[in-house]
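What follows is the residue order along each chain.
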Amino acid sequence: MQDQILIEMKGVQKWYGGYQALRNVDLIVRKGEKIVLCGPSGSGKSTLIRCINRLEPIQQGSIVVNDHRLDDSIKAIDVVRQDVGMVFQSFNLFPHMTVLQNCMLAPIRARRIGKSEAETIARKYLERVRIGDQAEKYPAQLSGGQQQRVAIARALCMQPKVMLFDEPTSALDPEMVKEVLDTMIGLANDGMTMICVTHEMGFARQVADRVIFMAEGQIIEEGAPDAFFRNPQQARTRQFLGEILAHH
Amino acid sequence: MTPHFGLPEFGFLLRGLQWTMLLTLVAFVGGCTAGLAVALLRTCGHRGVEWITRIYIGLFQGTPLLLQLFVVYYGLALTGLKLDAFVAVAIGFTVNASAFLGEIWRGAIQAVPRGQTEAAMALGLHYSSRMRDIVLPQAIRISLPATIGYLVQLIKGTSLAAIVGFIELARAGQIVSNQTFQPLLVFGVVGAMYFILCWPLSWWGSRMEARLALASQR
């Protein structure tokens, strides 16, 4: 069965001044797919997902999200951002708003739904990330793991078709990594389409349909996690896996 | 006979104090409104607009306030626009304040972490909501000590308005002093009035600063 294509990147090139961050990247993501992006720092994996919701502009190539071609028009960027949720390494919760207000703002402002409906949605997703009882607190009163789960709930409140995760556990103390990964696994089991930039290879093994390895702005290798970890084809991939698995 | 410093003289100083406060209020409210526009234009991301705003700020920060007051009062009179002294200095101080407050708030807007704007964009929030709901509430908090500090400067700075014949507190003091030949007493009272106006603000500002420093440590 050919599932619906949600994201299609073709020949994407991106420069920061003279430095090329993405080289001719092609990527197709189908509905329900879970993809883990890994690679050394500076390999362009974060840049790649930040191009999908146009936090970064691209200079060449094309990106289509849910049949909407992403160009420079505000309208196109708008439409795409409504379909794409994102979770950041540093949470980026709004510190002057309560957890509940963090979750209600975007549905009210961007989807223009009523306050009470927004609150119902917010409480539902806060419940789902098991943080419903903290709704009235401010982000600074929560632990890192709790904050990241709020950030996930906040993104879900916009009811996106795809979720992008940009190293969601890298800023967390070790004992809090699991609660965030469990939340993400729950999301994956519910059928959410996900692209995760992460070094959590256990998560990749358990959840990913495909693991993609990037280096120097290029996709070097991709495959199902079993094959990818057991029998990587490229020397660059083997070297990387050797390095990160050695200290895990 | 030379009058002594008594109740009528004190009343005259109080009226001067009123004008000082009114001028400060008008200049501060006007300066805040225009300064917000300056700060937003200065950070709007459009190169040409940012450049023009930069020149505007540089012009008013880089020339003496006295000169700016002369231009508004005497300069505009030459073009046939004869302004009341209060209106003229109010315009001068407002425009000047807009440049200084604009620059203070520009810094505060840029001090809000980039991740805040990125998270708002990723959630599909437009520029107006990003500014109103996310960036400005945090920027105002960051800028509060500097803004209060500027307000204190403004209160004292309004004494320059005397130069075009506007009778505010400092000028009122000068007049009373000339009448009574009691400069130490008169200017002592004038100084105390400025102090009572400014010191609580300064105190509030530094308390705010301490609280912010504490919050950023968390």
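Residues numbered from 1 in each chain as written. Chains lettered and ligands numbered in written order. Predicted model: local features only at pLDDT ≥ 70, side-chain atom pairs only at ≥ 80, totals over all residues. Heavy atoms only, no water.

(A) Here's a closer look at the overall build of chain A. Looking only at helices and strands, chain A features nine helices and 10 strands. Since a compact globule built from 248 residues should have a radius of gyration of about 18 Å, the 18 Å found for chain A is in line with a globular shape. Dimensions of chain A, computed from C-alpha atoms along their principal axes, come out at roughly 55 × 45 × 40 Å. Among the 248 residues that make up chain A, the fraction classed as buried is 57%. Restricting the contact set of chain A to residue pairs at least 6 apart, pairs at least 24 apart contribute 65%. (Helix = DSSP H or I, 4+ residues; strand = E, 2+ residues; numbered from the N terminus. Rg over C-alpha atoms; globule rule 2.2 N^0.38 Å. Buried < 20%, exposed > 50% of the residue type's maximum accessible area, 1.4 Å probe, protein only. Contact = heavy atoms within 4.5 Å.)

(B) Representation of the sheet that holds strand β7 (residues 162-166) of chain A in the model. Residues and elements named next belong to chain A. Read from one edge of the open sheet, six strands run β6-β7-β8-β3-β9-β10, paired in mixed fashion. Strands at the two margins of the open sheet, each flanked by one partner only, are β6 (84-87) and β10 (218-223). The sheet shows a mean angle of 20° between the axes of neighbouring strands, direction not considered. Strand direction decides the pairing type here: β6 and β7, joined by four bridges, are parallel. Across the sheet, residue Met-86 finds its bridge partner in β7, namely Leu-164. Packing against the sheet, helix α1 (residues 45-52) makes contact with β3 (34-38), β6, β7, β8 (193-197) and β9 (210-215), and its axis sits at approximately 150° to β7. Strands β6 and β7 of the sheet are contacted by helix α2 (residues 74-83), whose axis makes an angle of about 65° with β6. (Pairing = 2+ DSSP bridges. Axes fitted to C-alpha atoms, helices over the stretch in contact; angles between N-to-C directions.)

(C) Main features of the packing of aromatic side chains. Within the structure shown, the criterion is met by 10 aromatic pairs over all chains. Ring geometry for Phe228(A) versus Phe229(A): centroids 5.3 Å apart, planes at 85°, classification edge-to-face. Ring geometry for Phe70(B) versus Tyr74(B): centroids 5.7 Å apart, planes at 45°, classification tilted. Placement of the pair is Phe70(B) and Tyr74(B) together in helix α3 (residues 65-78), with a separation of four residues, close to one helical turn. Relative accessible area serves as the criterion here: at 30%, Phe70(B) is assigned to the partly exposed category. Sitting above the plane of the Phe94(A) ring, Arg154(A) keeps its charged end 4.5 Å from the centroid. (Phe/Tyr/Trp six-rings, centres within 6.5 Å; stacked < 30°, edge-to-face > 60°. Lys NZ or Arg CZ within 6 Å of the ring centre and 35° of its normal.)

(D) Representation of the sheet that holds strand β4 (residues 60-65) of chain A. Residue and element names in this part refer to chain A. Taking strand neighbours across the sheet as the criterion, the four strands line up as β2-β1-β4-β5 in an open arrangement whose pairing is antiparallel. The sheet terminates laterally at β2 (19-30) and β5 (68-69), the two strands that pair on one side only. Direction of pairing for strand β1 (residues 5-16) relative to β4: antiparallel, over a ladder of five bridges. Each residue of the ladder has a partner; that of Gln-13, found in β4, is Gln-60.

(E) Highlighting empty space enclosed by the protein. Throughout the structure, instances matching the rule amount to one cavity of 30 Å³ or more. Empty space within the largest cavity amounts to approximately 40 Å³. Surrounding the largest cavity, Gly85(A), Met86(A), Phe88(A), Arg154(A), Ala155(A), Ala119(B), Ala122(B) and Leu123(B) form its lining. Breaking the lining of the largest cavity down by element, the ones donating at least two residues are β6 and α5 (144-156) of chain A together with α5 (114-122) of chain B. For the lining of the largest cavity, the residue count by class is six nonpolar, one polar and one charged. (1 Å grid on protein atoms, 1.4 Å probe; cavity = no way out; pocket = protein on both sides within 12 Å on 5 of 7 lines; lining within 4 Å. Points joined across faces, edges and corners; volume = space filled by probe spheres on them. Nonpolar A, V, L, I, M, F, W, Y, C, P; charged D, E, K, R; others polar.)

(F) Broad picture of the interface of chain A and chain B. Each partner contributes to the interface: chain A provides 22 residues, whereas chain B provides 19 residues. When chain A packs against chain B, close to 1,700 Å² is buried across both sides, 60% of that on carbon and sulfur atoms. Summed over the three residues of chain A that lose the most area to chain B, namely Arg81(A), His96(A) and Arg109(A), the buried surface amounts to 31% of that side. At the junction of chain A with chain B, the criterion picks out two salt bridges. Breaking the side of chain A that touches chain B down by element, the ones donating at least two residues are α2, β6, α3 (99-109) and α5 of chain A. (Buried area = accessible area lost by both parts, 1.4 Å probe. Salt bridge = Lys/Arg side-chain N within 4 Å of Asp/Glu carboxyl O.)

(G) Structural context of helix α6 (residues 174-189) of chain A. All names here are of chain A. Here α6 spans 23 Å end to end across 16 residues, near enough to the 22 Å set by a 1.5 Å rise per residue. Among the residues making up α6, those that are buried are Met-176, Val-177, Val-180, Leu-181, Thr-183, Met-184, Ile-185, Leu-187 and Ala-188. Contacts from the buried residues of α6 go to β3, α4 (115-128), α5, β7, β8 and α7 (201-207). Positive backbone phi, approximately 95°, marks Gly-191, located one or two places after α6. (Expected span 1.5 Å × (residues − 1).)

(H) Local environment of the UniProt feature "domain: ABC transmembrane type-1" (unreviewed entry) in chain B. As annotated by UniProt and renumbered to match this structure, "domain: ABC transmembrane type-1" (unreviewed entry) occupies residues 17-202 of chain B. Helix makes up 83% of residues 17-202 of chain B and strand 0%, with an end-to-end C-alpha separation of 18 Å. (UniProt positions renumbered as here; feature names shortened; annotations may be inferred.)

(I) Layout of the layout of surface pockets. Volume-wise, the second largest pocket comes out at about 710 Å³. Arg114(B), Thr117(B), Met121(B), Tyr127(B) and Arg130(B) are the residues nearest the centre of the second largest pocket, which is lined by 26 residues in total. When residues of the lining of the second largest pocket are traced back to their parent elements, those giving at least two are α2 of chain A together with α4 (85-111), α5 and α6 (127-157) of chain B. Class assignment for the residues of the lining of the second largest pocket results in 13 nonpolar, six polar and seven charged.

(J) Molecular detail of the pattern of salt bridges. Counted by the stated rule, this structure contains 17 salt bridges over all chains. Across the pair Glu119(A) and Arg123(A) runs a salt bridge whose closest N-O atoms are separated by 3.0 Å. Taken together, the residues Glu119(A) and Arg123(A), both in helix α4 and four residues apart, mark about one turn of the helix. A relative accessible area of 29% places Glu119(A) in the partly exposed class. For Arg149(A), the salt bridge goes to Glu179(A), with nearest N and O atoms at 2.9 Å. Of this pair, Arg149(A) sits in helix α5 while Glu179(A) sits in helix α6, and the two are 30 residues apart along the sequence. By relative accessible area, which is 6% here, Arg149(A) ends up buried. By sharing partners, the salt bridges in this structure join Lys14(A), Arg50(A), Glu56(A), Arg114(B) and Glu118(B) into a single network.

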